[in-house]
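# Geometric and topological summary
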Amino acid sequence: MAPVTGGARDAVAGVAAGDVVAPSSADEVAEVLRSTRGSVVAVGAGTKTGWAAPPSSCDLLLRTSGLGRIVEHVPGDLIAVAEAGVRLDTLQKRLAEHGQMLALDPPEEGATLGGIVGANASGPRRLRYGTVRDLLIGVRVVLADGTAARSGGKVVKNVAGYDLGKLYTGAHGALGIVVSTVWRLHPLPKASGAVIVPVADGAEAGRLAALVARSTLTPTAVELRFHDGAWELVLLFESIEASVRAQSAEALRLLGGGERAAAPPAWFGRRPEGPLVLRLAHAPAALPHILAALPGAARGTASACTGVAYAAVPEETDLAALRAAIAPYDGSAVVVASREPRDAAAHWGPVTDSFGLMTRVKDQFDPARRLSPGRLLGGL
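About the cut-offs
- Residues numbered from 1 in each chain as written.
- Predicted model: local features only at pLDDT ≥ 70, side-chain atom pairs only at ≥ 80, totals over all residues.
- Heavy atoms only, no water.
- Buried < 20%, exposed > 50% of the residue type's maximum accessible area, 1.4 Å probe, protein only.
- Helix = DSSP H or I, 4+ residues; strand = E, 2+ residues; numbered from the N terminus.
- Pairing = 2+ DSSP bridges.
- Contact = heavy atoms within 4.5 Å.
- Polar contact = N/O pair within 3.5 Å; in protein donor to acceptor, adjacent residues only side chain to side chain.
- Arc of directions from axis to C-beta.
- Salt bridge = Lys/Arg side-chain N within 4 Å of Asp/Glu carboxyl O.
- Lys, Arg positive; Asp, Glu negative; His and termini not counted.

### Quick notes on the pairing of strand β5 (residues 60–63)
Of the two faces of β5, both are covered, the one formed by Leu60 and Leu62 as well as the one formed by Leu61 and Arg63. Sheet topology places strand β4 (residues 40–43) next to β5; 4 bridges connect them, and they run parallel. Paired with Ala42 across the two strands is Leu62, which belongs to β5.

Structure follows, in structure tokens:
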């Protein structure tokens, strides 16, 4: 396998790659890892390279885009097997031909399955369907020494062995290179509709979101937008037509107003853009406190019933102070986009009580610390 000619795009969070390769099979990935002794950073389409801290080095950039096969789709079993370089939109088109979908909706255009797993990326539909950890039922990886490993299988109710797929989810390639994935699928909904409710502020948004969470409504997503002092709450319903109509009517009654729309507004499911964008995680009931802690100029979106928000904040925002303010609410603030890459401490924030365990796991899977070095919490 010949190296790929590098260019300006072959940098990870500002760190230039020494060499670039694009294997076309799992065996070639294994051979690459066996034949090199330097640091290796794996990327898919590169849509989320800023979601982790800059690597301490990148001797070899391994592009998984060559792993582009949809290996298997079994409609009757609601499962699909696809390699890491398959684009999510490509897989969705194939599944839609059979009235099915992978219920993940991260907005990054061109995102690959391997990158989605590595970054644990999801979108508004996480409320109903869960995240990568809930939908990934099997994974094949290549470890740092070139050894191939599998976890899970091709049935939804699989309880055999350790669920290593959850370990690789959100690991940013630091524990092994994901080369193939197995997914649990869902039927495409027959109908959809949205309820759009203007709200006065974060406090009201939190109150209404709590009403929805305690109700019998089953929305696919409950999304809040805050932008230039304007606030808007959107409930997405997906089911059969009769259910969508009935739930929309009940939502309007429960929330005391709003309007019904055939589809959510254009901002729905998008992430804010800016020189500094944060991903905030918190206890869902603490949404008003999290929003109040943000700088006044912040703008973004929040999955109001799941405790996840994305906010574009001024570049000079004091992240340490913000993190301290939201910590009492199980809050964390992680950088996902920054004009200038930040080191691991600034990117992730302070290390947690689980850092010792994370260190032992890293040393077990990658004892020489060759894979995505320095990209995880604490510079692992």
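Read on, since the account is not over.
### Re the environment of Lys362
Mapping Lys362 onto the fold places it in helix α12 (residues 355–365). With 163 residues separating them along the chain, Lys362 and Val199 place their C-alpha atoms 45 Å apart. Beyond its immediate chain neighbours, meaning those up to four positions away, Lys362 contacts Ala174, Leu175, Pro367, Arg369, Leu371 and Leu380. Reaching out from Lys362, the side chain makes a polar contact with the side chain of Asp366 at a distance of 2.7 Å.

### A word on helix α2 (residues 88–96)
Taken residue by residue, α2 has Leu88, Leu91 and Leu95 as its buried positions. Mapping the buried residues of α2 onto a view down its axis gives an arc of 65°, with all of them on the same face. Buried residues along α2 sit in contact with β6 (70–74), β7 (79–83), β8 (100–101) and α3 (113–119).

### Notes on unusual backbone geometry
Backbone phi values are negative for most residues with the exception of glycine, while trans is the configuration of most peptide bonds. Of note, Ala13 is a non-glycine position whose phi angle comes to about 50°, a positive value. Mapping Ala13 onto the fold places it in the loop between β1 (11–12) and β2 (15–16). Using a relative accessible area of 17% as the deciding quantity, one classes Ala13 as buried.

### As for the pattern of salt bridges
Using the criterion set out here, one finds 13 salt bridges in the structure. Of the charged contacts, one joins Arg34 and Glu31 as a salt bridge, the two residues approaching to 3.4 Å between their closest N and O atoms. With Arg34 and Glu31 both in helix α1 (residues 26–35) and 3 residues apart, the pair spans about one turn of that helix. For Glu31, a relative accessible area of 43% gives the class partly exposed. Its salt-bridge partner being Arg87, residue Asp89 comes within 2.6 Å of it at the nearest N-O pair. Classification of Asp89 as partly exposed rests on a relative accessible area of 29%. In the salt-bridge network here, residues are joined through shared partners; they are Asp105, Arg125 and Glu238.

### Some points on the side chain of Glu223
Its place among the elements puts Glu223 in strand β14 (residues 221–227). Despite its burial, Glu223 pairs with no opposite charge, the nearest such side chain being Arg126 at 4.6 Å. Beyond its immediate stretch of four places on either side in the chain, Glu223 contacts Pro124, Glu232, Leu233, Val234, Trp267, Phe268, Thr301, Ala302 and Ser303.

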